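# Descriptive analysis of the structure
In case you want the letters, here they are:
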Amino acid sequence: MFCAISGEVPKEPVCAPKTGLLYEKSIITKALEATGKCPVTGQQLEDNDLVVIKSSKVVAPRPPTGNAVPNLLQTLSTEWDTLMLEMFELKQQLQNTREELVRTLYERDAAVRVIARLQRELESAKAGIADSNRNVEMKDVNGIESNKVDAEDKLKLVLKNTAETLNKFRIKNKKVVPAGLCSPEQVGKFGASATVKAHLTTKPGVTCVDVSQGGSTLVSGGVDGQLKVLQLSEDLSSANVLATLNGHEKKVNQVAFAERKGTIVSCSKDKTAIIWGSSMSAEGSSISYESYKAKHVIKVHNQNVVSCSVHPSYNYVGTLSSDGLWALTEIDSGECVSSANVDLPGTFSAFHPDGLLVGIGSEQGVIRIWDAMNASKAADLSTGSSGIIASLSFSNNGYHLAAASEKQVLLFDLRKQKVIKTFDFDANVTSCAYDRSGYFLAAAESSGKISTFHAKGKEYKPLSTLSEHTGEVVDVKFGPNASFLVSASMDRSMIVYK
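The paragraphs below set out a description of the structure included in this document. (Residues numbered from 1 in each chain as written. Predicted model: local features only at pLDDT ≥ 70, side-chain atom pairs only at ≥ 80, totals over all residues. Heavy atoms only, no water.)

### Side note on the overall build of the chain
Of regular secondary structure, the chain possesses four helices and 31 strands. Against the compact-globule benchmark of 23 Å for 498 residues, the chain has a radius of gyration of 34 Å, which places it well outside the compact range. Projected onto its principal axes, the C-alpha coordinates of the chain cover approximately 110 × 60 × 45 Å. For the chain, buried positions account for 46% of its 498 residues. Summarising the internal contacts of the chain: among those between residues at least 6 apart in sequence, 47% fall at separations of at least 24. Between the averaged position of the 55 positive side-chain charges in the chain and that of its 55 negative side-chain charges there is a distance of 1 Å. (Helix = DSSP H or I, 4+ residues; strand = E, 2+ residues; numbered from the N terminus. Rg over C-alpha atoms; globule rule 2.2 N^0.38 Å. Buried < 20%, exposed > 50% of the residue type's maximum accessible area, 1.4 Å probe, protein only. Contact = heavy atoms within 4.5 Å. Lys, Arg positive; Asp, Glu negative; His and termini not counted. Charge placed at Lys NZ, Arg CZ, Asp CG, Glu CD.)

Structure, rendered in structure tokens:
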């Protein structure tokens, strides 16, 4: 018979009817004093539960005195009992750790497989949209071959196909975190890694910025009327100017990449919007920004063109002027295919992730949700004040809309058409932007501060406040997978945070 803890023949054997195990009395007594449980089974035990097993034993000698050998042997025996108990607990912990490691490795392997499958499906969905756009001029809605599809029918078909494809993909993957997405801890530790001053000093101020889909290129607009295309270094510590685009006569209000068409879109206070590209720019071809020039100049507006945004299909660009005229222009031809007055003094516009709706901000504290397919009002969202809507950004989940107005960012639920959360700031909020996954939100203030938040359902956890700018921050954008953040300011600089 051996002790269930030490594995040795016990000198003073005891057993517990509750567990049915045999123990060395000195070892189990110490374990009960420490935890009150059997170290083998984890059951509650008390000294009264132990039954002494009678066995023949040698009569112990008289107690030794001083540092005699018998006393030292007794001390060593006590230390041995303690050591055996600790070794047993360590073995149990090691076994539990091994089991947890096996489970974790299995779950990670399963997650990697799921993410890989979803990435393949995403690429397939994007390829399907591209094929649909290339074939739309050759087929009508019924699939009959035709070389003369009406521009309005073509627009509706592209919008419908794009919305159906993106909506199905978003619903299918709404609970899947994109592979490679930065963690909240990483975003919360963002700090300035590069400061870029590329625009003219005679007319200081960078008014807008956008990040390419791959994250290696930036485009900015300034008070000087110029666009600067910049290449970021791999470590994001610097940026080199690839091209300077001249064509606007006044301040540039907004810029946007349309990379699948090999173009850049900008709008200006000079009442125009410009589609930039080169004769070599084509879908799928390499991009050479040095050869870029104004391919199409959009002149449908009679007032300041305050906003421009690229449709998710990359076939159209929407532009908004301060008198409320919203227009949709085909990127390839430069022809306006739809225009209407939204009956509000416009300040900002942004496409919904599906592309069927457009959020239009106004000077009256009202956000008009516009039906792009039918050129009509779908709904009005009220901020509860008459403050100017400075910026809008749709979350990739499809039902959250962030709006910057005065010293607040208001979060709307489009399903309920009401404000579900309000963020208060010390200064006027000039820009707000979700990252492409919808898991992070950034807000810029006129005081030069930038705040970041982690979005998880209705909960938005503040992550950091960045205060490197010395002037008003007017635009802010996330890089792919929220790997970095870039801001544009009236202090003539752009800052990259990582």
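### Details of the packing of aromatic side chains
The full count for this structure, using the stated rule, is seven aromatic pairs. Here the aromatic rings of F257 and Y289 are separated by 6.5 Å at their centres, their planes lie at 75 degrees, and the arrangement is edge-to-face. In this pair, F257 sits in strand 9 (residues 252–258) while Y289 sits in the loop between strand 11 (273–277) and strand 12 (293–298), placing the two residues 32 residues apart along the sequence. You'll find F257 and Y289 in the same group, each marked buried. On the basis of an interplanar angle of 40 degrees and a centroid distance of 6.4 Å, the ring pair of F440 and F478 is categorised as tilted. Residue F440 is located in strand 26 (residues 440–445), and its partner F478 is located in strand 29 (residues 473–478); the two are separated by 38 residues in the primary sequence. This pair shows no difference in class: F440 is buried, exactly as F478 is. Aromatic rings pair up to connect F423, F425, F453 and Y460 into one cluster. Sitting over the face of the ring of Y399, R415 holds its NZ or CZ atom 3.8 Å from the ring centroid. (Phe/Tyr/Trp six-rings, centres within 6.5 Å; stacked < 30°, edge-to-face > 60°. Lys NZ or Arg CZ within 6 Å of the ring centre and 35° of its normal.)

### Focus: the sheet that holds strand 6 (residues 217–222)
Strand order in the open sheet formed by four strands is 5-6-7-8, and the pairing between neighbours is antiparallel. A strand with exactly one partner marks an edge of an open sheet, and here the two such strands are strand 5 (206–211) and strand 8 (239–246). Averaged over all pairs of adjacent strands, the angle between strand axes in this sheet comes to 25 degrees, irrespective of strand direction. Note that strand 7 (residues 226–232) and strand 8 share seven bridges and pair antiparallel. Within strand 8, the position partnered with K228 by the bridge is T244. (Pairing = 2+ DSSP bridges. Axes fitted to C-alpha atoms, helices over the stretch in contact; angles between N-to-C directions.)

### Overview of helix 3 (residues 151–172)
A rise of 1.5 Å per residue sets the reference length of helix 3, with its 22 residues, at 32 Å; its end C-alpha atoms lie 32 Å apart and thus fit the reference within 8%. Those residues of helix 3 lying buried are K154, L155, L157, V158, L159, T162, A163 and R170. (Expected span 1.5 Å × (residues − 1).)

### Concerning the nonpolar core
Membership of the largest hydrophobic core comes to 19 residues, with the highest contact counts inside it found for V187, F440, I450, V476, A482, L485 and Y497. The set of elements that each furnish at least two residues to this core consists of strand 26, strand 28 (459–466), strand 29 and strand 31 (494–497). (Core = buried A, V, L, I, M, F, W, Y, C linked by side-chain atoms within 4.5 Å.)

### What about helix 1 (residues 25–34)?
If you check which residues of helix 1 are buried, you get I27, I28, A31 and L32. The buried residues of helix 1 occupy an angular sector of 130 degrees when the element is viewed end-on, so they sit on one face. Facing away from the buried surface of helix 1 by more than 90 degrees, the exposed residues are E33 and A34. Once helix 1 ends, the next one or two residues include G36, with phi positive near 75 degrees. (Arc of directions from axis to C-beta.)

### What about the sheet that holds strand 28?
In space, the four strands of this open sheet follow the order 25-26-27-28, with antiparallel pairing throughout. Two strands close off the open sheet at either side, each with one partner strand: strand 25 (429–434) and strand 28. Across the sheet, the axes of successive neighbouring strands diverge by a mean angle of 20 degrees, strand direction being ignored. Pairing of strand 25 with strand 26 involves five bridges; the strand directions are antiparallel. When the sheet's bridge partners are listed, A433 is paired in strand 26 with A442.

### Observations concerning a nonpolar patch on the surface
Taken together, V69, L73 and L76 make up a surface patch of nonpolar side chains, about 310 Å² in accessible area. Its place among the elements puts V69 in helix 2 (residues 69–135). For V69, a relative accessible area of 55% puts it in the exposed group. (Patch = residues over 30% accessible without salt bridge, like charges linked within 9 Å, V, L, I, M, F, W, Y side chains within 5 Å. Areas by Shrake-Rupley, 256 points an atom, 1.4 Å probe, with all protein chains shown as cover. Salt bridge = Lys/Arg side-chain N within 4 Å of Asp/Glu carboxyl O.)

### Here we look at the environment of Y314
Counting through the fold element by element, Y314 comes out in the loop between strand 13 (305–310) and strand 14 (316–321). Expressed as a C-alpha distance, the spacing of Y314 and I331, which sit 17 residues apart in the sequence, is 7.8 Å. Setting aside its immediate chain neighbours within four residues, Y314 contacts Q213, A258, E259, R260, K261 and I331.

### Quick word on a positive patch on the surface
A cluster of basic side chains, namely K250, K251, K269 and K271, defines a positive patch on the protein surface. Looking at the secondary structure, you find K271 in the loop between strand 10 (263–268) and strand 11.

### Side note on the environment of S446
Of note, S446 is situated in the loop between strand 26 and strand 27 (450–456). Sequence separation between S446 and D426 is 20 residues, and the spatial gap between their C-alpha atoms is 9.3 Å. Discounting chain neighbours no more than four positions away, the residues touching S446 are A427, N428, T430, G471 and E472.

### A look at the side chain of S220
Looking at the element boundaries, S220 is found in strand 6. When residues no more than four places from it in sequence are discounted, the contact partners of S220 are H199, V206, C208, V209, Q226, L227, K228, L230, V255 and M494.

### Observations concerning the side chain of S266
Here S266 is to be found in strand 10. For S266, the side chain forms a polar contact with the side chain of H248, separated by 2.8 Å. Reaching out from S266, the side chain makes a polar contact with the side chain of W276 at a distance of 2.8 Å. Not counting residues up to four positions away in its chain, the partners in contact with S266 are L227, H248, V252, Q254, V255, A273, I274, W276 and C308. (Polar contact = N/O pair within 3.5 Å; in protein donor to acceptor, adjacent residues only side chain to side chain.)

### Quick word on the pairing of strand 25
Taking burial as the measure, the six residues of strand 25 include six buried ones, the bulk of the element. Hairpin connection between strand 25 and strand 26: a loop of five residues separates the two successive antiparallel strands, and G438 in this loop has a positive phi of roughly 85 degrees.

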